[in-house]
Amino acid sequence: MNKNIGILGVPMDLGQMRRGVDMGPSAMRYAGLIERLENIGYDVEDHGDVEIPQREKVASTETNLKNLQGVIEASTLLANGVDKIIEDGHFPLVLGGDHSIAIGTLAGVSKHYKNLGVIWYDAHGDLNTSDTSPSGNIHGMPLAVSLGIGHEKLKDIGGYGPKVKPENIVIIGARSLDEGERELIREKGIKVYTMHEIDRMGMSKVMEEAIEYVSKDTDGVHLSLDLDGLDPAEAPGVGTPVLGGISYRESHLAMEMLEEAKIITSAEFVEVNPILDDKNKTATCAVGLVGSLFGEKLI
């Protein structure tokens, strides 16, 4: 893995309606993220946070998509920031913020690859559109947008699209899918490992298969990890917790196997909400997983 890491925070909560997730990047830094990476031999450059032009939530008169213009503006700035980190030869590590930031992250990453793979580690599919979303929250739409499905202004961020192909995506940890998402998964043939598969097969087998699947014919792999993929007993500080999630230990194993496979070329960790957390437990959990992803070993 690239020994030079560029960190970029995205203190945005516009993709959903609960306050606090905008403090996620600060919480992860406070939990010792940079020191942890430096201690395992990485050269880390912290680029600070993307400036979020829209600070307050506003109703959209154009569509039922909440805070649409704010998400577009922030995603564009994020895409430019990620693009610059990659141009400088560094590994982009993005800190969220709600999961709508993946729209900008993938817009900045995908332009550098002909056939990008994506591992979506999440309790949700994030495959909704304005037509299928029960809430209008854009943090439930970034994977659909990156596939070229959804609002034109979101799909075209970065000046191109789609960013990824359905056959290059693996979703891990799903346990809350809306009907429109289930239909899209079936229609596009997207590979999904629900909690049923994780329980039945074990995380080791799931990751073996997922790594083989997402590595085939791809020239890079992006990891998008939503902390609500973990069980809320271990990661309580998230906006949309779903019971019965992946354990902290299973998640460490998943990150360790990704590091051993040497396939991850960019990553983001999202949905840490300190207001809903218990003594920064979720941010600390996130930092531990980052450590495993980048090769931290017990012995």
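Relevant structure appears above.
Notes on the structure follow. Quick caveat: nothing in here was measured; it's all calculated off a predicted structure.

Focus: the layout of surface pockets
Part 1: A volume near 240 Å³ is recorded for the largest pocket.
Part 2: Lining the largest pocket are 19 residues, with His124, Asp126, Asn128, His139 and Gly140 sitting closest to its centre.
Part 3: Of the residues in the lining of the largest pocket, the class split is 2 nonpolar, 10 polar and 7 charged.

Describing the nonpolar core
Part 1: Core analysis: the biggest nonpolar cluster contains 50 residues, and Leu37, Leu93, Tyr121, Ile172, Leu223, Leu258 and Phe269 have the highest contact counts within it.
Part 2: Per-element accounting of this core gives the leading share, 7 residues, to helix H11 (residues 281-293).
Part 3: The contact partners of Leu93, leaving out residues within four places of it in the chain, are Ile5, Gly6, Ile7, Leu8, Leu37, Ala267, Phe269, Val290 and Phe294.
Part 4: Residues Ile86, Trp120, Leu143 and Ile157 belong to the second largest nonpolar core, which totals 44 residues.

Looking at the sheet that holds strand E8 (residues 264-270)
Part 1: With parallel pairing, 8 strands are arranged side by side in an open sheet as E2-E1-E3-E8-E7-E4-E5-E6. Each of the sheet's edge strands pairs with one partner strand only, and the pair in question is strand E2 (43-49) and strand E6 (191-194). For this sheet, the mean inter-axis angle between neighbouring strands, taken without regard to orientation, is 15°.
Part 2: Where strand E4 (residues 116-121) lies against strand E7 (residues 220-226), 6 bridges are found, and the strand directions are parallel. Across the sheet, the residue bridging to Val118 is His222, located in E7.

Some words on H11
Part 1: In a regular helix each residue adds 1.5 Å, so 13 residues correspond to 18 Å; H11 covers 19 Å between its end C-alpha atoms and thus fits that length.
Part 2: A large share of H11 lies buried, amounting to 11 of its 13 residues.
Part 3: Listing the buried residues of H11 in full gives Thr282, Ala283, Cys285, Ala286, Val287, Gly288, Leu289, Val290, Gly291, Ser292 and Leu293.
Part 4: Those residues of H11 that are buried are in contact with helix H1 (24-30), helix H2 (33-39), strand E3 (91-96), E7, helix H10 (248-261) and E8.
Part 5: Gly295, located one to two residues past H11, shows a positive phi value of around 100°.

Notes on unusual backbone geometry
Part 1: Gly97 follows Gly96 through a cis peptide bond whose omega is 20°.
Part 2: Relative to the helices and strands, Gly97 resides in the loop between E3 and helix H4 (102-110).
Part 3: Following Gly161, the chain continues into Pro162 via a peptide bond in cis, with omega recorded as -5°.
Part 4: Inspection of the secondary structure puts Pro162 in the loop between helix H6 (152-155) and strand E5 (169-174).
Part 5: Even without a glycine there, the phi angle at Asn67 is positive, about 60°.
Part 6: For Asn67, a relative accessible area of 1% corresponds to the buried category.

Let's talk about empty space enclosed by the protein
Part 1: For the structure on display, the rule yields 1 cavity of 30 Å³ or more.
Part 2: Of the pockets and cavities examined, the largest cavity occupies roughly 30 Å³.
Part 3: Leu65, Asn128, Thr129, Ser130, Met141, Val145, Ile149, Gly150, His151 and Leu154 together form the lining of the largest cavity.
Part 4: Class assignment of the residues belonging to the lining of the largest cavity gives a composition of 5 nonpolar, 5 polar and no charged.

Cut-offs used in this document
Residues numbered from 1 in each chain as written. Predicted model: local features only at pLDDT ≥ 70, side-chain atom pairs only at ≥ 80, totals over all residues. Heavy atoms only, no water. 1 Å grid on protein atoms, 1.4 Å probe; cavity = no way out; pocket = protein on both sides within 12 Å on 5 of 7 lines; lining within 4 Å. Points joined across faces, edges and corners; volume = space filled by probe spheres on them. Nonpolar A, V, L, I, M, F, W, Y, C, P; charged D, E, K, R; others polar. Core = buried A, V, L, I, M, F, W, Y, C linked by side-chain atoms within 4.5 Å. Buried < 20%, exposed > 50% of the residue type's maximum accessible area, 1.4 Å probe, protein only. Helix = DSSP H or I, 4+ residues; strand = E, 2+ residues; numbered from the N terminus. Contact = heavy atoms within 4.5 Å. Pairing = 2+ DSSP bridges. Axes fitted to C-alpha atoms, helices over the stretch in contact; angles between N-to-C directions. Expected span 1.5 Å × (residues − 1).

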